[in-house]
Amino acid sequence: MILGVVLALVATLAYNAGFVLEKGALSALPPLDVRLPLTLVRALVTAPRWLAGFGLILAGLAGQLVVLTRVPLTVAQPVFASGIVFLLLLSMTVLGERLTGREWTGLAGIAAGVACVIASLDPRTDVPGTGGHLVRVLLVAVPSTLAGVAVFARGRARPRPADDVPYGLAAGIVYGVAGMVSKGLSASIDFHGPAPIVTSALASPYLYLLVPVTLTGFVVFQTALQRGRASIVAPVSTVVSTLYTVVAGTPMFGEHLPPDPADLTLRLAGLALITIALFRLPHDGTPAG
C-alpha cells in the first residue's frame, strides 16, 4: 500500500515536471489554434523542449496506471492532485512565476490533505476496484466529454482578460473522464511482463475510449496552458478532474470508502482539504514578495 503511494508521488512529479517543460516551450511558439490541428501538431513535435515535457507526462501517466492497480481512487487521486505542489514550485523556479500568499496557503492545505489521506490507509480495506461495466462508463464518459468541449468553446467565444478558469474547467472535465477510463484500463491490463501488458492493453476496449478522450483533453489543455498562467489553469483543471474521477469512478468500479469511522473521517477531511486548497490557488492577486 505504501509502495503504491510512493509510486504515485513519483508518477505525479514526472507528470507535472512535464507540464513545466511544455509551458516553457509553448511560451516561445506562435499562438496555437485548435481549428488548425495539423499546424498545431507540427508546431509541437518540432519543439524539442515540448517533446521532452510530453515524454515526462507519458511516463507519469504510465506510472499512474500501475498505481491504480495498487490503491483505490480515493487514495490515488488526492496524491495525484498533490502534484500541483511540484508544479507551482517548478513554475516559480523554472518559469519565474511568482506565488502569492494565497497560493502558499493553498500548498500548505494540499500537504495537510495528503497527510490525512495517507494516515487513513488500511491495507485490509483499501482494495482497488477490479473492473467496471463498459456501457455504464460510456453513458457517463461521452456526455461529460461533450460538456467539457462546450465549456471550452464558450470560453473561446467570450474571452475575458486574465480569465483562465473556464479553460481549466474544460480541461478538468475532460481529463476527469480520462482518469475514470484509465481506471478501467488499469484493471484490464496484465502487468506480468512487457508482452502481457501490450497484449492485454490492446485487447481492452477502454484503451480505444481513452485515446480520443485524452486527445481532446490534450488539445484543450495545451491551448489553455499557452494562453494563461500555469499556476492558475493547472489547479482548476486538477481539482475538477480529481473530483470527477473520485465521484464518478469510485462507485463505477465498485470501490468503497474506509469502514472504520476514524479512517473515514481522515479520508474525507483529506479530500476536503485538498479540494479547498486547490480552489484557493486560482487567484490573480499581487505576488508575494
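Below, the structure is looked at part by part.

Rules used in this analysis
- Residues numbered from 1 in each chain as written.
- Predicted model: local features only at pLDDT ≥ 70, side-chain atom pairs only at ≥ 80, totals over all residues.
- Heavy atoms only, no water.
- Helix = DSSP H or I, 4+ residues; strand = E, 2+ residues; numbered from the N terminus.
- Contact = heavy atoms within 4.5 Å.
- Expected span 1.5 Å × (residues − 1).
- Buried < 20%, exposed > 50% of the residue type's maximum accessible area, 1.4 Å probe, protein only.
- Polar contact = N/O pair within 3.5 Å; in protein donor to acceptor, adjacent residues only side chain to side chain.
- Axes fitted to C-alpha atoms, helices over the stretch in contact; angles between N-to-C directions.
- Parallel < 35°, antiparallel > 145°, perpendicular 65-115°, else oblique.
- Left-handed = near helix turned anticlockwise from the far one by under 90°.
- Nonpolar A, V, L, I, M, F, W, Y, C, P; charged D, E, K, R; others polar.
- Core = buried A, V, L, I, M, F, W, Y, C linked by side-chain atoms within 4.5 Å.
- Phe/Tyr/Trp six-rings, centres within 6.5 Å; stacked < 30°, edge-to-face > 60°.
- Patch = residues over 30% accessible without salt bridge, like charges linked within 9 Å, V, L, I, M, F, W, Y side chains within 5 Å.
- Areas by Shrake-Rupley, 256 points an atom, 1.4 Å probe, with all protein chains shown as cover.
- Salt bridge = Lys/Arg side-chain N within 4 Å of Asp/Glu carboxyl O.

1. A closer look at the side chain of threonine 145
Note on placement: threonine 145 falls in helix 7 (residues 134-157). In this structure, threonine 145 is in contact with Val174, Val177, Val213 and Thr216, ignoring residues within four places of it in sequence.

2. Focus on helix 12 (residues 261-280)
With 20 residues, helix 12 should cover 28 Å at 1.5 Å per step; its first-to-last C-alpha distance of 28 Å lies within 8% of that length. Among the residues making up helix 12, those that are buried are Asp263, Arg267, Gly270, Leu271, Ile274, Thr275, Ala277 and Leu278. Where helix 12 begins, the side chain of aspartate 260 points an oxygen toward the backbone nitrogen of alanine 262, at a separation of 3.1 Å.

3. Things to note about the packing of helix 6 (residues 101-119) against helix 12
A pair of packed helices is captured by two measures, namely the crossing angle of their axes and the spacing between those axes. Axis separation between helix 6 and helix 12 bottoms out at 7 Å; the angle between their running directions is 160°. Put simply, helix 6 runs roughly antiparallel to helix 12. Here helix 6 runs over helix 12; the crossing is left-handed. Each of Arg102, Thr105, Gly106, Gly109, Ile110, Ala112, Gly113, Val114, Cys116, Val117 and Ala119 in helix 6 lies in contact with helix 12, whose residues at this interface are Asp263, Leu266, Arg267, Gly270, Leu271, Leu273, Ile274, Ala277, Leu278 and Arg280. Per-class residue counts for the contact of helix 6 with helix 12 are 12 nonpolar, five polar and four charged.

4. Focus: the nonpolar core
Counting residues in each nonpolar core, the largest one holds 36 residues, and the members touching the most others are Trp50, Ile84, Ile110, Phe221 and Leu278. Within the second largest apolar cluster, 20 residues are counted, among which are Ala201, Leu209, Met252 and Phe253.

5. Brief notes about the packing of aromatic side chains
Going through the model one piece at a time under the given rule, you end up with six aromatic pairs. An angle of 70° between the planes, with centres 5.8 Å apart, marks the rings of tryptophan 50 and phenylalanine 218 as edge-to-face. With tryptophan 50 in helix 3 (residues 48-67) and phenylalanine 218 in helix 10 (residues 205-227), this pair connects stretches of sequence that are 168 residues apart. Of the two residues, tryptophan 50 and phenylalanine 218, neither departs from the other in class, the shared state being buried. Ring centres 5.9 Å apart and planes at 65° place the aromatic pair phenylalanine 54 and phenylalanine 218 in the edge-to-face group. Of the two residues, phenylalanine 54 sits in helix 3 while phenylalanine 218 sits in helix 10, which places them 164 residues apart along the sequence. Overall, the relative accessible area of 28% leaves phenylalanine 54 in the partly exposed class. Here the aromatic residues Trp50, Phe54 and Phe218 are joined through ring pairs into a cluster of three or more.

6. Some remarks on a nonpolar patch on the surface
On the surface, Ile2, Val6, Val10 and Ile118 cluster together into a nonpolar patch covering about 330 Å² of accessible area. Among the elements that line the nonpolar patch, the one with the most residues is helix 1 (residues 2-26), at three residues. Take isoleucine 2: it is sitting in helix 1. According to the relative accessible area criterion, isoleucine 2 is exposed, its value standing at 53%.

7. Comments concerning the pattern of salt bridges
Under the criterion given, the structure shown has one salt bridge. Note that glutamate 255 is salt-bridged to lysine 183, the shortest N-O span being 2.8 Å. One end of the pair, glutamate 255, is in the loop between helix 11 (230-252) and helix 12; the other, lysine 183, is in helix 8 (residues 165-188), with 72 residues separating them in the sequence. Here glutamate 255 and lysine 183 have matching classes, each one buried.

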